[in-house]
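What follows is the residue order along each chain.
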Protein chains: 2
Amino acid sequence: MKSTGEATAINIGETKSASATTVATTKAIQHPKAGLKRGLAIFDFILRLSAIGAALAATTTMGTTDQTLPFFTQFFQFQASYDDLPAFSFFVIANAIASGYLFLSLPFSIVCIVRPHAMGARLLLVICDTVMVALTIAAAAAAAAIVYLAHNGNSNANWVAICQQFDDFCQSVSGAVVASFIAAVLFMLMIVLSAFSLRKH
Amino acid sequence: MKSTGEATAINIGETKSASATTVATTKAIQHPKAGLKRGLAIFDFILRLSAIGAALAATTTMGTTDQTLPFFTQFFQFQASYDDLPAFSFFVIANAIASGYLFLSLPFSIVCIVRPHAMGARLLLVICDTVMVALTIAAAAAAAAIVYLAHNGNSNANWVAICQQFDDFCQSVSGAVVASFIAAVLFMLMIVLSAFSLRKH
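All figures in this text were calculated on a predicted structure; none of them were measured in a lab.

## Quick word on the state of the cysteines
Each disulfide consists of a covalent bond between the sulfur atoms of two cysteine residues.
All names here are of chain A.
1) Next: On inspection of all chains with the given rule, the structure shows two disulfides over all chains.
2) Next: Disulfide pairing places Cys163 opposite Cys170 at an S-S distance of 1.8 Å. Taking the torsion about the S-S bond as the criterion, the Cys163 to Cys170 disulfide, at about -85°, is left-handed. For the pair Cys163 and Cys170, one class covers both residues: buried.
3) Next: You can see Cys128 has no disulfide; the closest cysteine sulfur is in Cys112, sitting 12 Å from it.
4) Next: Classification of Cys128 as partly exposed rests on a relative accessible area of 28%.

Below, the structure written as structure tokens:
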């Protein structure tokens, strides 16, 4: 009988129930599925780095795009930038928040790699990721609705397409929307990965 | 020595590690945290019922709203319905899909109540919920962007506000958007609850 706090599991009977038995031991002795969990955590870290790239690309592309048309009247110069449309402003803010969150979440992701069974960090990441996937998708969808309108217009509401004039602006904005959707999909993958990591074996 | 397939766990040492020890036994013997998990599963079921209400309300409100103005010209009658705007059509389709999915997910939620440790059903629900939260939020955000435009217009893009004429239509549509956002928040709560249920104690 050892006194180091080990739990000895004696399994008698069918082998099916044996696989469900979790032998909880002291930290020195590894869990049987720690390798799998560490792999998932490393993949999560890589996904986070990719999502930073996508979210930053979306933010900067949308934030820095503006187009001034080469002709102007006495009173007015035709110019388009992201802050002309509230949906695009929301897009920039939401993607900037997502980028910032992703940077701040990297240490927690590293904690999950070092300690694959740290459930607290993993749960915190799931909750924050869920909020962030909503924010990113909402920003991307709202901007996509406006970009679609800018490209095609709407005859029923008498809204004209502005992309005939501002073609460069529309192309940059469309790229930013695609980048934001990619970031959202990466967030969704992170949630699913975290769910697998949290699963009890 | 019994031959019914029970795993006997003998735990010696510190009580902290004892709480982490999962004693996997046959079905007859309950897990120590089964009550908490069952409570979470019942709450998940209630959330699903509420989300069905919200998603169905959003679908029907948006789908059945149309407004015909009392004046008309020789060639044109002024009418607004959801299929005039692609974002609203997407809204109806996405919320209908979410309602259908929620109905289909109820049996799986019941499985999670009856068997709180059935990880397969729980994982399936998390993955599908993540996809659905994206769909619902995207629909709500796209419709919200268009509703905002309909209310306020945009002078930079020369898009006029149409809600001065179609005020009843705009109010119904705004209500539908709010219902869809409520459904999305309920989905997010379900994901967080599932994450807590999946957590290993």
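## What to know about helix H3 (residues 86-114) of chain A
Each α-helix turn comprises 3.6 residues. Residues three or four places apart therefore point the same way.
1) Next: Here H3(A) spans 42 Å end to end across 29 residues, near enough to the 42 Å set by a 1.5 Å rise per residue.
2) Next: Most pronounced at Leu106(A), the bend in H3(A) amounts to some 35°, and the proline Pro107(A) follows within four residues.

## Topic: the UniProt feature "transmembrane region" in chain A
Residues and elements named next belong to chain A.
1) Next: In this structure's numbering, the residues bearing the UniProt feature "transmembrane region" are residues 39-59, 90-110, 130-150 and 176-196.
2) Next: In the segment residues 90-110, helix accounts for 100% and strand for 0%; the C-alpha atoms at its two ends are 30 Å apart.
3) Next: Between the end C-alpha atoms of residues 176-196 there is a gap of 31 Å, over a span that is 100% helix and 0% strand.

## Side note on the packing of helix H2 (residues 34-64) of chain B against helix H5 (residues 167-198) of chain B
All names here are of chain B.
1) Next: Look at H2 against H5: their axes get within 8 Å of each other, and the N-to-C directions meet at 160°. As far as their axial angle goes, H5 and H2 are roughly antiparallel. Here H2 runs over H5; the crossing is left-handed.
2) Next: A class-by-class count of the residues in the contact of H2 with H5 yields 18 nonpolar, six polar and three charged.

## Some details on a nonpolar patch on the surface
1) Next: Taken together, the side chains of Ile42(A), Phe43(A) and Ile46(A) define a hydrophobic patch exposed on the protein surface, amounting to about 260 Å² of accessible area.
2) Next: By the secondary structure assignment, Phe43(A) is in helix H2 (residues 34-64).

## Description of the side chain of Ser197(B)
All names here are of chain B.
1) Next: Summarising the element assignment, Ser197 is placed in helix H5.
2) Next: Judged by relative accessible area, which is 6%, Ser197 ranks as buried.
3) Next: Sequence-distant contacts of Ser197, defined by excluding residues within four places in its chain, comprise Lys37, Leu40, Met119 and Arg122.

## Quick look at the nonpolar core
Across soluble globular proteins, nonpolar side chains show a tendency to be buried alongside one another.
1) Next: Among the nonpolar cores identified, the biggest contains 116 residues, and Phe88(A), Trp159(A), Phe88(B) and Trp159(B) are the most heavily contacted of them.
2) Next: Setting aside chain neighbours within four positions, we find Phe88(B) in contact with Met62(B), Tyr82(B), Ala143(B), Ile146(B), Val147(B), Phe169(B) and Val173(B).

## Brief notes about the packing of H2(B) against helix H3 (residues 86-114) of chain B
Residues and elements named next belong to chain B.
1) Next: One can describe the packing of H2 onto H3 by two numbers: an axis separation of 8 Å at closest approach and a directional angle of 160°. Classified by the angle between their axes, H2 and H3 sit roughly antiparallel to one another. Judged by the twist between their axes, the crossing of H2 over H3 is left-handed.
2) Next: Residue classes in the contact of H2 with H3 are distributed as 22 nonpolar, six polar and three charged.

About the thresholds
Here the residue numbers are simple positions, counted from 1 along each chain's written sequence. Labels are handed out in written order, letters beginning with A for the chains and numbers beginning with 1 for the ligands. Side-chain atom pairs in this predicted model are given and counted only at pLDDT of 80 or more, local residue features only at pLDDT of at least 70, and totals for whole chains, interfaces and linings cover all residues. In computing side-chain values, all of the structure's heavy atoms are included and hydrogens and water are not. We call a pair of cysteine sulfur atoms a disulfide whenever their separation is within 2.5 Å. Each residue is assigned to one of three classes by its accessible area relative to the maximum for its type, calculated with a 1.4 Å probe on protein chains only: buried under 20%, partly exposed between the two thresholds, exposed over 50%. Secondary structure elements are taken from DSSP: a helix is a run of H or I of four residues or more, a strand is a run of E of two residues or more, and numbering for both begins at the N terminus. Helix span, as expected, comes to 1.5 Å for every residue beyond the first. Note on bend: the value at a residue is the angle between axes fitted to the seven residues ending there and to the seven starting there. UniProt positions are given in the numbering used here, feature names are shortened, and annotations may be inferred rather than shown by experiment. What counts as an axis is a line fitted to C-alpha atoms, over the stretch in contact for a helix, and the angles between N-to-C directions run from 0 to 180 degrees. Should an angle fall under 35 degrees it is called roughly parallel, over 145 degrees roughly antiparallel, and 65 to 115 degrees roughly perpendicular, with every other angle called oblique. By convention, the crossing between two helices is left-handed when the near helix turns anticlockwise from the far helix through less than a right angle, and right-handed when the turn is clockwise. Here the term charged refers only to Asp, Glu, Lys and Arg, the term nonpolar to Ala, Val, Leu, Ile, Met, Phe, Trp, Tyr, Cys and Pro, and the term polar to all other amino acids, Gly among them. Patch definition: residues with relative accessible area over 30% and no salt bridge; like charges joined within 9 Å; nonpolar side chains (Val, Leu, Ile, Met, Phe, Trp, Tyr) joined within 5 Å. For the area figures, the Shrake-Rupley method with a 1.4 Å probe applies, and any residue is considered shielded solely by the protein chains shown. Salt bridges, as used here, are contacts in which a Lys or Arg side-chain nitrogen is within 4 Å of a carboxyl oxygen on Asp or Glu. Whether two residues are in contact is decided by their heavy atoms: any pair within 4.5 Å suffices. Throughout this description, the term nonpolar core refers to a set of buried Ala, Val, Leu, Ile, Met, Phe, Trp, Tyr and Cys residues connected via side-chain atoms within 4.5 Å.

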